[in-house]
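Architecture at a glance
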Amino acid sequence: MFPRGEDGYTININQVEPGTSNQVNKMVSAMSFYAYRLLMRSTENRLLNFRQLLHQYLVDMHAKIETKRLLFIRLNQKKLRVDEYIHLKNAITNDSDLANHGKREILPSTFTGFPGNMHVYALNAITYVRHGGKPSLFITYTLNPNCKEMTQNLTNGQSKTDRHDLVARIFRQKLIKFMNVLVKGQVFGSVKYWLYSIEWQKRGLPHSHILIWLTNTLSTNQIDDIISAEIPNPSTDKNLYDIVIKNVVHGQCGAFNSLSPRFKEGNCSKMYPHQFIKETQFATDGYPLYRRRKSEDGGQTATVKNKSDTVMIDNRFIVPYSPLHLKMFDAHINAESCNSIKSIKYVLKYVHMGSD
């Protein structure tokens, strides 16, 4: 049995159709070979200095391996028992002449990125809900492209956009550490269940949607202790203040920037700026209304750059965050508390919707 890869794809060489074992060997060997080619070594790896040509190389080799995976599935349709698929039966019943539609091939649910693959993950998450109730926290972790690990490993005048392989590796290592802090470190308490999915933004940065089920339910007072939606006081914690201003301020739109893609039909699609509120309250849509105090009530203000100008912002523009996580990882980390079961179906579908 070959070891299970990161995509969850496992191949048993003894259960494939005769004549396809060579294809399996070639596919596995190709994955190992290209992984070896991309390793960073003590001596210079010239392939990693090719910039845009490196990107083309990665795309071509990914397409090559994906094609071999699809070929393997096409040649092993009997092993997948595709005749048992209900959709295939419906197609045979409804289509009078299948010859006009070509031969139908069925992908297994283990094929990464396939809608059926994401659907299975969503069903598994619903099983968590059935046994453990609603999740306690919904966290989105996005890689900081300006982190020290990135700058230390760039060579020969490279920019972060020249090394997507480095972005992926650093993100994976940081995500593993982040999950260890949440689950093993129990920074928010004992964890019953957890799950996450990884997506890549159109601008090239990976982010992970994470759901956490805590053993003990969070109360309103505890939410204020672990999640904040306010600008820290720079005189008390200058480090946290700088991190918040750099990472979790909602991008200016509306009157500040009418060309923002988030500004649609005269309103911000993310509902910013939010309303001021003195105390955290539970809302009816599944998310709490976080405390966002005015200046006269003790809230802070800050000056941020908006293109060539500077604008004054207050707590209405702050994305909810965990102060502990920001200090540890110095990245955009959005932390939300789930206080209602009403939004659970939306949350699970959102987590497992996959990349565009």
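This structure is a prediction, so every number in the text was calculated from the model and none was measured.

Topic: the nonpolar core
Formed by 50 residues in total, the largest nonpolar core has its most connected members in Leu 137, Ile 139, Tyr 141, Phe 178, Leu 182 and Ile 210. Sorting elements by how many residues they give to this core places helix H6 (residues 164–183) first, with 10 residues. What Leu 137 contacts, discounting residues up to four positions off in sequence, is Phe 188, Ile 210, Leu 211, Ile 212, Leu 214, Leu 218, Ile 226, Ile 227, Glu 336, Ser 337 and Cys 338. If you look at the next biggest cluster of nonpolar residues, it comprises 11 residues, including Val 129, Leu 195, Val 347 and Val 351.

Examining the packing of aromatic side chains
A complete count under the given rule lists 10 aromatic pairs for this structure. Where Phe 33 meets Tyr 34, the ring centres are 5.2 Å apart and the plane angle is 70 degrees; that geometry is what we call edge-to-face. Taking relative accessible area as the criterion, Phe 33 reaches 41% and is therefore assigned partly exposed. A residue is classified by how much of its surface remains accessible, and Tyr 34, at 11% relative accessible area, is buried. Connected via pairs of aromatic rings, a cluster forms that spans Tyr 141, Phe 171, Phe 178 and Phe 329. Arg 41 extends its terminal NZ or CZ atom over the ring of Tyr 36, reaching a point 4.5 Å from the ring centre.

Brief notes about helix H8 (residues 238–247)
Of all the positions in H8, only Leu 240, Tyr 241, Ile 243, Val 244 and Asn 247 are classed as buried. Considered in projection along H8, the buried side chains sweep an arc of 165 degrees and stay on one side of the axis. Of the surrounding elements, those touching the buried residues of H8 are strand S8 (302–306), helix H9 (323–329) and strand S10 (332–337).

A short note on the side chain of Lys 174
One can find Lys 174 in helix H6. Judged by its relative accessible area of 15%, Lys 174 is buried. Within the structure, Lys 174 has its side chain in polar contact with the side chain of Glu 149 (distance 3.4 Å). Contact partners of Lys 174, with chain neighbours within four places excluded, come to Tyr 141, Leu 143, Cys 147, Glu 149 and Phe 329.

A closer look at the environment of Ile 223
Counting through the fold element by element, Ile 223 comes out in helix H7 (residues 220–226). Looking at Ile 223, the relative accessible area reads 0%, which means it is buried. With 114 residues separating them in the primary sequence, Ile 223 and Ser 337 have C-alpha atoms 7.3 Å apart.

Things to note about the sheet that holds S10
In spatial order, the strands read S2-S3-S1-S10; together these 4 strands make up an open sheet with antiparallel pairing. Each edge of the sheet is formed by a strand with only one pairing partner; in this case those strands are strand S2 (191–200) and S10. Between one strand and the next, the sheet's axes are offset by a mean angle of 15 degrees, whatever the strand orientation. Relative to S10, strand S1 (residues 137–142) is paired through 6 bridges, and the arrangement is antiparallel. Of the residues in S10, the one forming a bridge with Phe 138 is Glu 336. The strands that helix H10 (residues 344–351) touches are S1, S2 and strand S3 (206–214); relative to S3, the one it contacts most, it runs at about 145 degrees.

Cut-off values and rules
- Residues numbered from 1 in each chain as written.
- Predicted model: local features only at pLDDT ≥ 70, side-chain atom pairs only at ≥ 80, totals over all residues.
- Heavy atoms only, no water.
- Core = buried A, V, L, I, M, F, W, Y, C linked by side-chain atoms within 4.5 Å.
- Buried < 20%, exposed > 50% of the residue type's maximum accessible area, 1.4 Å probe, protein only.
- Helix = DSSP H or I, 4+ residues; strand = E, 2+ residues; numbered from the N terminus.
- Contact = heavy atoms within 4.5 Å.
- Phe/Tyr/Trp six-rings, centres within 6.5 Å; stacked < 30°, edge-to-face > 60°.
- Lys NZ or Arg CZ within 6 Å of the ring centre and 35° of its normal.
- Arc of directions from axis to C-beta.
- Polar contact = N/O pair within 3.5 Å; in protein donor to acceptor, adjacent residues only side chain to side chain.
- Pairing = 2+ DSSP bridges.
- Axes fitted to C-alpha atoms, helices over the stretch in contact; angles between N-to-C directions.

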